Each structure stands twice: as C-alpha cells, then as structure tokens.
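Letter by letter, the chains look like this.
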Amino acid sequence: MSKHTVRFGVVGTGAVARRFAQGVAHVAGAEIAAVWGRNVKTTRELAAFCEAEAALSAEDLFARDFDAVYIATLPDSHFEYARSALRAGKHVLCEKPVMRNVRELDEVLSLARRNGLLFMEAMKPPFFPVYTKLQKQLAEDPIGRVRFVRAGYAFPVPPDHPSWRLDTAGGGIMGIGVYHAFLAVAWLGPASTVTTTGRLSAGGVDSFAAMQTEHAEGTAQLFSGMDLPSPGDALLCGPEGYVTLHEKWWNPERATVHYADGRVVELHEPFVGGGFNYETEHFCALLREGKRESDVMTHQISWDVLHVLDRARSALGVRFEGK
Ligand SMILES: NC(=O)c1ccc[n+]([C@@H]2O[C@H](COP(=O)([O-])OP(=O)(O)OC[C@H]3O[C@@H](n4cnc5c(N)ncnc54)[C@H](OP(=O)(O)O)[C@@H]3O)[C@@H](O)[C@H]2O)c1
C-alpha cells in the first residue's frame with residue numbers, strides 16, 4: 001500500500017466508536033468510509049458525525065470498498081465481527097479486550113495470517129505521547145529492569161452499564177483489568193502464575209478482583225472493580241528507581257521517574273484528539289509499510305494479556321458463553 005488514505009469501516013456506534021471518529025479526524029491520511037450499528041438511528045447519527053456512509057447491515061458494510069474494519073462493539077461480538085471482516089478481506093483494528101478468551105484469539109489470528117491481513121488490538125496506552133517519552137527516558141537513563149508492576153482501578157459503574165452483564169462478556173477484569181494486565185505483560189513478560197481473589201455480582205460478573213501475577217521478569221499486583229472508588233495510577237519498579245504513571249494511567253499524560261540517587265524527572269505530555277489517534281496513526285503506518293502485525297501491540301502481547309484475564313476469571317468462576 002502506498003501513501004494513499006487508509007479508509008475504515010466502523011462496526012458499533014456507541015461511545016467508543018464516536019471517540020474513534022474523533023481520533024481519525026486528527027490522523028492525516030485516514031478517514032471513515034462507512035459505519036454500521038444494529039441501531040439505525042445511532043448509525044445515521046455516527047455516519048453524519050464522521051461524514052461517512054451508513055451501511056444497512058454488517059454484510060453490507062463488509063462488502064463495501066475500504067481498507068480496514070474498526071470493531072467497537074462489546075467484547076462478546078468481537079470474535080464474530082473480526083472473522084467476518086477478515087473473511088471479507090479487510091484488515092482489522094479491534095477494541096479491547098480483543099476477544100473473550102485465547103481460543104477465540106487463536107482462531108482469529110490464524111485467519112488473519114492465512115488471509116495475509118493486518119490484525120491489531122486497539123490497546124491505546126503504549127501509543128500515547130507520554131508513554132513513548134517514558135520509554136525513551138528509561139532507555140537513556142535507566143532504572144534497571146522493571147521487576148514489579150502495580151496497577152489498578154475501581155470505580156462505581158452505573159447499574160445499567162453493559163459491564164454488569166455476563167452475556168456481553170462484562171466484569172471489571174474485562175473492562176478495566178485488561179489495561180493493567182497489559183502493563184504487567186508489557187514490562188514483565190508473559191505470566192506463569194495468576195492468583196486471583198475477589199467477588200461476583202448477582203449477575204455472575206466480577207465486581208472486584210485482585211490479581212497477583214508472576215511473570216518471566218517479575219511480579220505484579222493488579223486490581224479492577226466496579227463498585228468502589230479509587231485513583232487509577234500505576235507503578236513500575238526497577239533496581240535503580242521507580243516510575244509513577246499518574247491517574248488515569250491508561251489515558252496517560254503525566255509520569256514521574258524517581259531515581260535511586262534522588263533525582264526526580266517529571267514527564268508531562270498532554271494528548272490531543274481524544275487519544276485514539278495515536279494507535280490509529282500507528283495502524284495506518286503498518287498498513288502502508290505492508291506489515292501484518294504491530295511491533296508494539298504484538299499478537300503475542302494480546303495473547304499473553306488474554307491469558308491473564310482468562311485465568312483470573314476462571315479463578316473467580318466467571319464463565320462466558322461461546323468458544
Ligand atoms: N479504548 C478505549 O478507551 C475504550 C474505552 C471504553 C470501552 N472500550 C471498548 O470499546 C468497546 C465498545 O465500548 P463502548 O463504551 O463504546 O460501549 P457502548 O457505548 O455500549 O457501545 C457499544 C456498541 O456496540 C453495539 N453492539 C453491542 N453488541 C453488539 C452486537 N452483538 N452486534 C452489533 N452491535 C453490537 C451497540 O449497539 P446498541 O446501541 O444497539 O446496543 C453499541 O453501538 C468495548 O469492547 C469496550 O471494552 C474501549
């Protein structure tokens with residue numbers, strides 16, 4: 001693919017689809033060609049918002065002429081739409097948590113590889129300006145290998161939110177825990193042990209979960225919750241210092257590096273465009289370079305993250321339908 005504009009079709013018309021549209025408007029060489037949601041009214045509204053066509057059905061959307069599908073439905077339908085998009089020859093950028101479990105992800109990844117298409121989980125934090133600035137800071141002035149990660153967030157989720165539903169693959173682990181698992185995997189490698197305690201809602205999803213994970217390079221303590229307030233910062237500790245990623249760390253703007261010799265380095269990089277623009281820019285660059293996997297949000301990282309989520313849910317007895 002040359003320098004042509006990357007054109008997206010969007011599945012889902014909720015809050016995140018709209019934020020994606022806001023992000024795309026900040027990406028040079030990207031546009032939304034068509035959108036589809038099962039609600040005709042919100043489909044038309046989103047289409048008008050991003051000056052795109054409103055498709056009549058998922059099949060109609062996938063049959064249209066554009067490069068990539070962005071999947072912004074709830075996690076129980078990511079598998080279905082990812083497979084349909086890949087079968088229709090479209091590249092896929094899929095919201096987090098990327099699938100319900102690693103079995104679904106394995107199937108989707110092998111389909112993407114077979115069809116020679118790019119597939120990437122839309123995991124936004126590693127693309128934010130302060131996150132990349134932090135990586136540069138630690139490469140130039142290291143704190144040593146990170147051996148401990150602590151990250152968590154709990155907040156009172158309204159009772160009518162889909163996160164309270166088992167049938168849409170809800171729960172705090174899937175909703176917000178996925179970011180914390182990403183941070184642990186990204187800095188410590190794959191998890192070998194996941195020990196989880198917590199409690200379930202009456203509907204059978206995790207309302208609170210505390211996860212202690214052992215990884216190739218160290219240990220993490222992670223939590224997610226839907227019925228308590230908390231700040232939402234994160235900590236990365238190495239032998240020569242530690243980093244605080246300030247709240248809300250998964251939309252990071254500020255980080256503080258504390259060195260063992262007493263130096264403190266403050267990083268502050270406000271994000272623009274709602275923040276989805278950075279991952280979208282990366283995805284478009286991959287397409288233009290003919291890549292079929294991100295070197296930042298790799299398939300292996302998505303798999304290792306889902307593995308943590310699968311193990312944590314299994315320990316609490318949260319069971320979804322499907323594969
Ligand atoms: N990257 C981020 O910052 C971020 C933040 C929050 C959430 N997320 C992720 O983004 C995704 C969407 O979240 P959201 O907050 O936008 O949710 P939302 O506001 O509830 O919107 C969900 C959209 O998906 C549609 N939908 C749900 N199930 C569907 C199905 N089976 N088939 C077709 N359409 C379906 C809904 O249609 P109806 O309106 O007809 O129900 C709605 O248009 C989730 O995977 C979530 O985990 C990402």
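Overview of the structure.

Calculation notes
- Residues take numbers from 1 onward in each chain, read along the sequence in its written order.
- pLDDT decides what is reported in this predicted model: residues at 70 or higher carry local features, side-chain atom pairs at 80 or more are listed and counted, and totals for whole chains, interfaces and linings draw on all residues regardless.
- Side-chain calculation: all heavy atoms of the structure are included, whereas hydrogens and water are not.
- Salt bridge, as used here: a side-chain nitrogen of Lys or Arg that lies within 4 Å of a carboxyl oxygen of Asp or Glu.
- Relative accessibility thresholds used throughout: buried, under 20% of the residue-type maximum; exposed, over 50%; partly exposed, between the two (1.4 Å probe, protein chains only).
- Definition of nonpolar core: a set of buried residues of the types Ala, Val, Leu, Ile, Met, Phe, Trp, Tyr and Cys, connected through side-chain atoms within 4.5 Å.
- Every helix listed is a DSSP run of H or I at least four residues long, and every strand listed is a run of E at least two residues long, numbered separately from the N terminus.
- For this analysis, residues touch if any pair of their heavy atoms sits within 4.5 Å.
- A strand pair is defined by DSSP finding two or more bridges across the two strands.

### Thoughts on the pattern of salt bridges
Phase 1 of the analysis: Under the criterion given, the structure shown has 15 salt bridges.
Phase 2 of the analysis: We note a salt bridge from arginine 100 to glutamate 104, for which the minimum N-O separation is 2.7 Å.
Phase 3 of the analysis: Between arginine 263 and aspartate 261 there is a salt bridge, and its shortest N-O distance comes to 3.0 Å.
Phase 4 of the analysis: The exposure class of arginine 263 is partly exposed, given its relative accessible area of 37%.

### Observations regarding the nonpolar core
Phase 1 of the analysis: Within the largest apolar cluster, 107 residues are counted, with the highest numbers of intra-cluster contacts made by Phe8, Ile32, Met99, Phe119 and Leu183.
Phase 2 of the analysis: Here this core gets 12 residues from one element, more than from any other, and that element is helix 7 (residues 172–188).
Phase 3 of the analysis: Excluding residues within four positions of it along the chain, methionine 99 makes contact with His78, Phe79, Ala82, Cys94, Glu104, Leu105, Val108, Phe119, Met174 and Leu306.

### Structural notes on the pairing of strand 14 (residues 264–268)
Phase 1 of the analysis: Direction of pairing for strand 13 (residues 254–259) relative to strand 14: antiparallel, over a ladder of 5 bridges. The residue bridging alanine 255 from the neighbouring strand is leucine 267, located in strand 14.
Phase 2 of the analysis: Counted between consecutive antiparallel strands, the loop separating strand 13 from strand 14 contains 4 residues, among which glycine 262 sits at a positive phi close to 100°.

### Considerations on unusual backbone geometry
Phase 1 of the analysis: In this chain, lysine 96 is followed by proline 97 through a cis amide linkage whose omega measures -15°.
Phase 2 of the analysis: By the secondary structure assignment, proline 97 is in the loop between strand 5 (91–95) and helix 5 (102–114).
Phase 3 of the analysis: Cis geometry marks the peptide bond from glutamate 247 to lysine 248, where omega comes out at -15°.
Phase 4 of the analysis: Tracing the chain through its elements places lysine 248 in the loop between strand 12 (241–245) and strand 13.
Phase 5 of the analysis: In this structure, glutamate 51 takes a positive phi of about 50° despite not being glycine.
Phase 6 of the analysis: Positive phi is not limited to glycine here, since alanine 169 has a value of about 60°.
Phase 7 of the analysis: Along the chain, the position of alanine 169 falls in the loop between strand 7 (148–154) and helix 7.

Geometric values such as these leave the question of function open.
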